[in-house]
Structure formats: C-alpha cells, structure tokens
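# Per-entry structural report
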Amino acid sequence: TNEELETLIAEAHSRGMKVFFDIITNHTADIIDYQEGTYAYRNKEDYPYRDADGVEFDDRDYLGTGTFPTLDPATSFPYTPFTDTLPASTKYPLWLNDLTLYHNRGNSTFTSENSLYGDFYGLDDLFTEHPDVVDGMTEIYKSWISNYEIDGFRIDTVKHVNLEFWQEFTPEILAHAAAVGREDFFIFGEVFDGNPASLSRFTTDLPLDAVLDFGFQGTARNFAAQSGNTDNLRAFYENDDYYIDADSNAY
C-alpha cells in the first residue's frame, strides 16, 4: 500500500539509506494489438505517419513545438492498433489508453530507426515525440516526488527514447524536486552501451546526472574474470575525457 511505501522510505532514511525508484517512459505493458496480425517493424520511409485526414507528416518536424497533428487509429499508423480483450481503462493514468499515443510500428530489432520507434519485445512503445506523452510522463513522475520522499530515479531504456524527450523531461523533474526541497535529487540512466563515446552523450549533451557504466562493467569483467589484457583497462580509462563538461566528469 501507499502507507507501507511511506514506512519503507522512512525506515530506509533512518538507516542512512537512499531510495531510488526504477522508472520507465519508453513503453507500457503489451496491451495493444494490430488488426493486421503481424508484428515485423515497418519503417518510416515506406510507412510514413499520416494525420487524421490522411496527409503524410514527419513527427520530428514537431519536436519541441508543443503541437502535433491530430491522429486517428484507423488511418495514421503503419499498423492498425486496437484492444478488445481488456477494458478501455486498463492503463492508468487514463491518457495511456489513447491508441494514438504509441508508435504502432511493430517490434524493434534494436538497430537504427527502430531502436527508437519499435516495440520492446512487444511492449507498447510510447510516442515520446508527442507533446501529450512528454507532459503526461513528466506529471506522473513529478507526482511520485510530491507524494513520497524519494531520493532519485534510475531510468530504464534511456537510449530507446528520442533525446529531445530527455531535454524536456529531466530539467522539469529536477526543478520540481528542488521546489519541494530536494535539491540533491539524482537521476541516472540505463543506457545499454559499453562505448564511452556513446555513453557520455547522455551526461554531456543531455541533463542526466549519470549513466550506468556498462563500459567499465565490460572492461573490468574481461580483465578480472576472462583473463583479459591490462592494455584494455588502460585504453578504457584513456577515454574518460569524453565525460568532461561544465558540470561533470567520468567520476
């Protein structure tokens, strides 16, 4: 219950522990199905988005504008989304049940375009380029900060969400946390990539406080458990400069 959660947080804090919530904005449970009965990814070039009147458009033209074309489940997507086995209010908040707020392009193979637009093993991939999704997700996670004295977020599948989403979401979350008295609220992302050149973008180009260090994980495991050469460790640490910007570094 919520009351038990409050007790858990209070007891953790009394022991000098911090409580982080593992959150996600990329997808929801697999509730949406397609009328076509197939699920292979359909790309944007061959299957462009269309507005409710059938006019083609590129969603990226609307990033950061606060506006978006009106969509229709029957005409706007590469697949025709529907739900018929569960109530229309299965997801909460209720806006999550709007079929037009999902990419509806089929399953991701985690490469190129479909890494951002495809369903994560069938899980319904949110249309994170849509301002209603940005605003909705921001409000969800602001409410957790308002209602519970949590210390930060660990964000799942960060690299599968467009960068522009994080540029709006993260400052809003940090500003809200500071406004309710948690100036040290900390956000770190799960970016499943071992290359420091790629990983560092999420703390330099984006306002995330940190990322899970999969680069170190892989390099250290190779050395300690797989008899890897120490030259690999040296080469890894030589890439620390990638993380240096005005307010952070590899540490």
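Provided above is the structure to which this section pertains.
Owing to the predicted nature of the structure, the values given are computational and were not obtained by experimental measurement. Counting of residues starts from 1 at the beginning of each chain's written sequence and follows it residue by residue. For this predicted model, a pLDDT threshold of at least 70 governs which residues receive local features, and a threshold of 80 or more governs which side-chain atom pairs are given and counted, while totals over whole chains, interfaces and linings are taken from all residues. As a rule here, side-chain values come from all non-hydrogen atoms in the structure, and water together with hydrogens is ignored.

### What about the pattern of salt bridges?
Definition used for salt bridges: Asp or Glu carboxyl oxygen within 4 Å of a side-chain nitrogen of Lys or Arg. A full pass over the atoms with the stated rule returns 12 salt bridges. The partner of Glu11 in a salt bridge is Arg15, and the shortest N-O contact between them spans 2.6 Å. Each residue gets one of three labels from its accessible area relative to the maximum for its type: buried under 20%, exposed over 50%, partly exposed in between, using a 1.4 Å probe on protein chains only. Glu11 gets classed as partly exposed once you look at its relative accessible area, which sits at 39%. For Arg15, a relative accessible area of 57% translates into the label exposed. Overlapping salt bridges bring together Asp22, Arg154 and Asp156 as one network.

### Overview of the side chain of His176
Secondary structure elements follow DSSP: runs of H or I no shorter than four residues count as helices, runs of E no shorter than two count as strands, and numbering proceeds from the N terminus. Among the structural elements, His176 can be located in helix α4 (residues 163-179). Judged by its relative accessible area of 19%, His176 falls in the buried class. We define a polar contact as two N or O atoms separated by no more than 3.5 Å, with the added condition that, inside protein, one atom must be a possible hydrogen donor and the other a possible acceptor, whereas residues neighbouring each other in sequence contribute only through side-chain atom pairs. A distance of 3.3 Å separates a polar side-chain atom of His176 from the backbone oxygen of Lys142. It only takes one pair of heavy atoms within 4.5 Å for two residues to be counted as in contact. For His176, the residues in contact, after removing those within four places along its chain, are Lys142, Ile145 and Ser146.

### Remarks on a negative patch on the surface
What goes into a patch is any residue over 30% in relative accessible area without a salt bridge, connected to like charges within 9 Å or, for nonpolar side chains (Val, Leu, Ile, Met, Phe, Trp, Tyr), within 5 Å. Surface accessibility follows the Shrake-Rupley procedure with a 1.4 Å probe radius. Residue values consider only the protein chains on display as shielding. Note on charges: Lys and Arg go in the positive column, Asp and Glu in the negative column, and His and the chain ends are not counted at all. Taken as the charge location is NZ of Lys, CZ of Arg, CG of Asp or CD of Glu. Residues Glu3, Glu4, Glu6 and Glu149 make up a contiguous surface patch of negative charge. In this fold, Glu6 is placed in helix α1 (residues 2-14).

### Focus on the nonpolar core
Grouped together as the largest cluster of nonpolar side chains are 40 residues, with contacts concentrated most on Ile150, Phe153 and Ile155. Counting residues per element, the ones that place at least two in this core are α1, β1 (20-23), α3 (131-147), β6 (152-155) and α4. By residue number, the principal contributor to this core is α3, which donates six residues. The contacts of Phe153, once residues within four sequence positions are left out, are Phe20, Phe21, Ile23, Tyr141, Trp144, Ile145, Ile173, Phe185, Phe186, Ile187 and Phe188. Working definition of a nonpolar core: buried Ala, Val, Leu, Ile, Met, Phe, Trp, Tyr and Cys residues. They are joined through side-chain atoms within 4.5 Å. By size, the runner-up hydrophobic cluster in this structure holds eight residues, among which are Phe68, Leu71, Tyr117 and Phe127.

### A few points about the packing of aromatic side chains
To pair, rings of Phe, Tyr and Trp, with the six-membered ring standing in for Trp, must have centres within 6.5 Å; the planes then decide the type, stacked if under 30 degrees apart, edge-to-face if over 60, and tilted in the middle. Applying the stated criterion across every chain, the model contains 25 aromatic pairs. For the ring pair Tyr49 and Phe127, a centre distance of 4.9 Å and an interplane angle of 35° mean the geometry is tilted. In this pair, Tyr49 sits in strand β3 (residues 49-50) while Phe127 sits in the loop between α2 (114-117) and α3, placing the two residues 78 residues apart along the sequence. Comparing Tyr49 with Phe127 shows no difference in burial state: the two are buried. Through a chain of ring-to-ring contacts, three or more aromatic side chains come together here, namely Tyr49, Phe57, Tyr62, Phe68, Phe77 and Phe127. Lying over the aromatic face of Tyr49, Arg105 brings its terminal NZ or CZ to 4.1 Å of the ring centre. Geometrically, a charge over a ring is one whose NZ (Lys) or CZ (Arg) sits within 6 Å of the ring centre while staying within 35 degrees of the ring normal.

### A closer look at the pairing of strand β7 (residues 186-189)
Whether two strands pair depends on DSSP finding at least two bridges between them. With four bridges joining them, β6 and β7 adopt parallel strand pairing. Residue pairing in the sheet places Arg154 in a bridge with Phe188 of β7. Whether a crossover is right-handed comes down to one check: with the strands pointing away from the viewer, does the path from the first strand over the helix to the second run clockwise; if it does, it is right-handed. Read as a crossover between parallel neighbours, the route from β6 over α4 to β7 is right-handed. Looking at chain direction, β7 and strand β8 (residues 210-211) are connected through two bridges and run parallel. Bridge pairing in β8 links Gly189 to Val211.

### What about unusual backbone geometry?
At the junction of Tyr92 and Pro93, the peptide bond is cis and its omega measures out at 0° in the coordinates. Relative to the elements of secondary structure, Pro93 occurs in the loop between β5 (81-82) and α2. In the Ramachandran plot, Ser227 falls in the positive-phi region, its phi being about 60° despite a non-glycine side chain. By secondary structure assignment, the location of Ser227 is in the loop between α7 (214-225) and α8 (230-237).

### Things to note about the side chain of Asp51
In this structure, Asp51 sits in the loop between β3 and β4 (56-57). Buried charged residue Asp51 carries no salt bridge. Nearest counter-charge: Arg50, at 7.9 Å. Of note is the side chain of Asp51, whose polar atom sits 2.8 Å from the backbone nitrogen of Asp53. Not counting the four nearest positions on each side in its chain, Asp51 is found in contact with Phe57, Pro69, Thr70, Leu71, Thr75 and Ser76.

### Some details on the packing of α7 against α8
In the contact formed by α7 and α8, the axes pass within 9 Å of each other and the chain directions differ by 165°. Classified by the angle between their axes, α7 and α8 sit roughly antiparallel to one another. Both α7 and α8 take part in a crossing whose hand is left-handed. Together, Gly215, Phe216, Thr219, Asn222 and Phe223 of α7 and Thr230, Asn232, Leu233, Phe236 and Tyr237 of α8 make up the contact between the two elements. For this classification, Asp, Glu, Lys and Arg are treated as charged, while Ala, Val, Leu, Ile, Met, Phe, Trp, Tyr, Cys and Pro are nonpolar and the rest, including Gly, are polar. Class assignment for the residues of the contact of α7 with α8 results in five nonpolar, five polar and no charged. Note on method: axes are straight lines fitted to C-alpha atoms, helices fitted across the in-contact stretch only, with angles between N-to-C directions ranging 0 to 180 degrees. Orientation is classified from the angle alone, with under 35 degrees giving roughly parallel, over 145 giving roughly antiparallel, 65 to 115 giving roughly perpendicular, and any other angle giving oblique. The sense of a crossing depends on the near helix, which, turned anticlockwise from the far helix by less than a right angle, makes the crossing left-handed and, turned clockwise, makes it right-handed.

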